[in-house]
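Listed here are the chains, written in short residue letters.
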Amino acid sequence: MFRMKSRLSKWMFAVYLLIASVCVGPISAQSKNVSPVAPGAERVKAVVTEAYEKFRGDTGGKNADYIPYLAKVDSKLFGVAVVTTDNQVFALGDVKYSFSIQSIAKVFSLALAMEESGPDKVFEKIGSEPTGRAFNSPVAVVDMPSHTANPLVNAGAIATVSLISGSTADEKWDKILDFYSKVAGEKLTLIDEVYKSEAATNTGNKALSYLLAKYDRIYADPFESVDVYTKECSVGVNATQLARMGATLANNGVNPATGERVIKEEDIPHILSTMMMAGLYDGSGGWAWHVGLPAKSGVGGGIVAIVPGKGAIAVFAPPLDEAGNSVKAQKVIEYVANKLDFNLYSPSSVGLK
Ligand code: GLU
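Residues numbered from 1 in each chain as written. Predicted model: local features only at pLDDT ≥ 70, side-chain atom pairs only at ≥ 80, totals over all residues. Heavy atoms only, no water.

1. A look at the site of the ligand
Alright, step 1. Neighbouring residues of the ligand: Tyr-66, Gln-102, Ser-103, Phe-135, Asn-154, Glu-198, Asn-205, Tyr-229, Cys-233, Tyr-281, Gly-298 and Val-299.
Alright, step 2. In this structure, an oxygen atom belonging to the ligand sits 2.7 Å away from a side-chain N or O atom of Tyr-229.
Alright, step 3. Class assignment of the residues belonging to the shell around the ligand gives a composition of 6 nonpolar, 5 polar and 1 charged. (Near = heavy atom within 4 Å. Polar contact = N/O pair within 3.5 Å; in protein donor to acceptor, adjacent residues only side chain to side chain. Nonpolar A, V, L, I, M, F, W, Y, C, P; charged D, E, K, R; others polar.)

See the structure below:
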């Protein structure tokens, strides 16, 4: 009886597969043409709009002020943008305003360093361990066995810049800006006022670079590396450009707007795991707990979060929490990720729900 039932169900399954393939075509051909968010694009739009409305009046946090320019940015600015891996764009609020990318730049310099030197060398020269301390901590440089810790804290990021090749600092900088522009799919530029403001006050970063030199963990001239690093932090992006940079990561390194492969596919897991581990400074553990998406914040008020294979969400809102992460951006992304079940550690992300 049991055997007959199982034979019958096998037979029925074969018929089902046949009918299904006649109706919708082979699964691989079908999935190629289907939007990663379809048929849920409307749902994504609705949830992002809900989050925007829910948190637009939130007054928590305070602009960064250790870089004088940032203290003057209008703290009410608020923009949310989603770009999918098939280049659909949903944008709300102040999404044309160009803000400084700040620490989010570190993700893309890590990508460029790996592009040039490969992940093994970057792991050896920089490492990938959490510090449990503030992003600009000199104590972490002294305490951590690798000293550089990881590419997303200031010390590790300055060392990552020092790994990028170039016979002069200008050549290195041009290469970095060109790379970021390819990731964004359009020409990005430096916000000169931000650069000047930060260059005039970055004594802490200069100190970090000299501390790294003491341990032989910086690979070019320390002050020159800090200068190029300061420029990369001063690149201007709007929320949509930032979301597209994230979507390039979500799309396995291919820019969804230009179709250009900018980052090697094999580098993507290293980038995303580093973002998960240290993307929100010493708030990264809480972020992984509540949201479960690789993300990176910057003290300019931006955060970008990656939903692999689907797209990225970028939020810009200048007031920050104690750890240096935009308060509103965290709330919006957490809301959207939970409502749309994007958490990478949730059983449904591996088809178990
Ligand atoms: N340029 C900033 C600094 O070096 C970046 C920090 C950040 O966004 O976390 O302090």
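Still more ground to cover, so stick around.
2. A closer look at the packing of helix H9 (residues 169-184) against helix H13 (residues 239-250)
Alright, step 1. Close contact between H9 and H13 brings their axes to 7 Å; oriented N to C, the two are set at 85 degrees. On the basis of their axis angle, the class for H9 and H13 is roughly perpendicular. Contacts from Tyr-180, Val-183 and Ala-184 in H9 reach Gln-241, Arg-244, Met-245 and Thr-248 in H13.
Alright, step 2. The residue makeup of the contact of H9 with H13, split by class, is 4 nonpolar, 2 polar and 1 charged. (Axes fitted to C-alpha atoms, helices over the stretch in contact; angles between N-to-C directions. Helix = DSSP H or I, 4+ residues; strand = E, 2+ residues; numbered from the N terminus. Parallel < 35°, antiparallel > 145°, perpendicular 65-115°, else oblique. Contact = heavy atoms within 4.5 Å.)

3. Topic: the pattern of salt bridges
Alright, step 1. Under the definition given, this model contains 13 salt bridges.
Alright, step 2. Salt-bridge contacts for Arg-56 lead to Glu-53; the nearest nitrogen and oxygen are separated by 3.2 Å.
Alright, step 3. Judged by relative accessible area, which is 45%, Arg-56 ranks as partly exposed.
Alright, step 4. Given the relative accessible area of 43%, Glu-53 is considered partly exposed. (Salt bridge = Lys/Arg side-chain N within 4 Å of Asp/Glu carboxyl O. Buried < 20%, exposed > 50% of the residue type's maximum accessible area, 1.4 Å probe, protein only.)

4. Section: unusual backbone geometry
Alright, step 1. Phi is positive for Asp-216, close to 60 degrees, though the residue is something other than glycine.
Alright, step 2. Structurally, Asp-216 is set in the loop between helix H11 (203-214) and helix H12 (222-233).
Alright, step 3. Exposure remark for Asp-216: the relative accessible area of 63% places this residue in the exposed category.
Alright, step 4. Backbone geometry at Asp-341 places phi at a positive 55 degrees, although glycine is not the residue there.
Alright, step 5. In this structure, Asp-341 sits in the segment after helix H16 (327-339).

5. Notes on the sheet that holds strand S5 (residues 295-297)
Alright, step 1. With antiparallel pairing, 5 strands are arranged side by side in an open sheet as S2-S1-S7-S6-S5. Each end of this open sheet is capped by a strand with a single partner; those strands are strand S2 (89-93) and S5. Within this sheet the neighbouring strands show an average axis-to-axis angle of 10 degrees, counted without direction.
Alright, step 2. The sheet contact formed by strand S1 (residues 79-84) and S2 spans 5 bridges and is antiparallel. Across the sheet, the residue bridging to Val-83 is Val-89, located in S2.
Alright, step 3. Along the sheet, H13 contacts S1, S2, strand S6 (302-307) and strand S7 (311-316); its crossing angle with S1, the most-contacted strand, is approximately 30 degrees. (Pairing = 2+ DSSP bridges.)

6. Thoughts on the pairing of S7
Regular strands show a simple pattern: their side chains alternate between the two faces of the sheet.
Alright, step 1. Of all 6 residues in S7, 6 are buried; the element is thus mostly enclosed.
Alright, step 2. As paired strands, S6 and S7 are joined by 6 bridges and run antiparallel to one another. Its bridge partner lying in S7, Val-307 is registered against Gly-311.
Alright, step 3. Linking S6 to S7, which pair antiparallel, is a turn of 3 residues; within it Gly-309 sits at a positive phi near 80 degrees.

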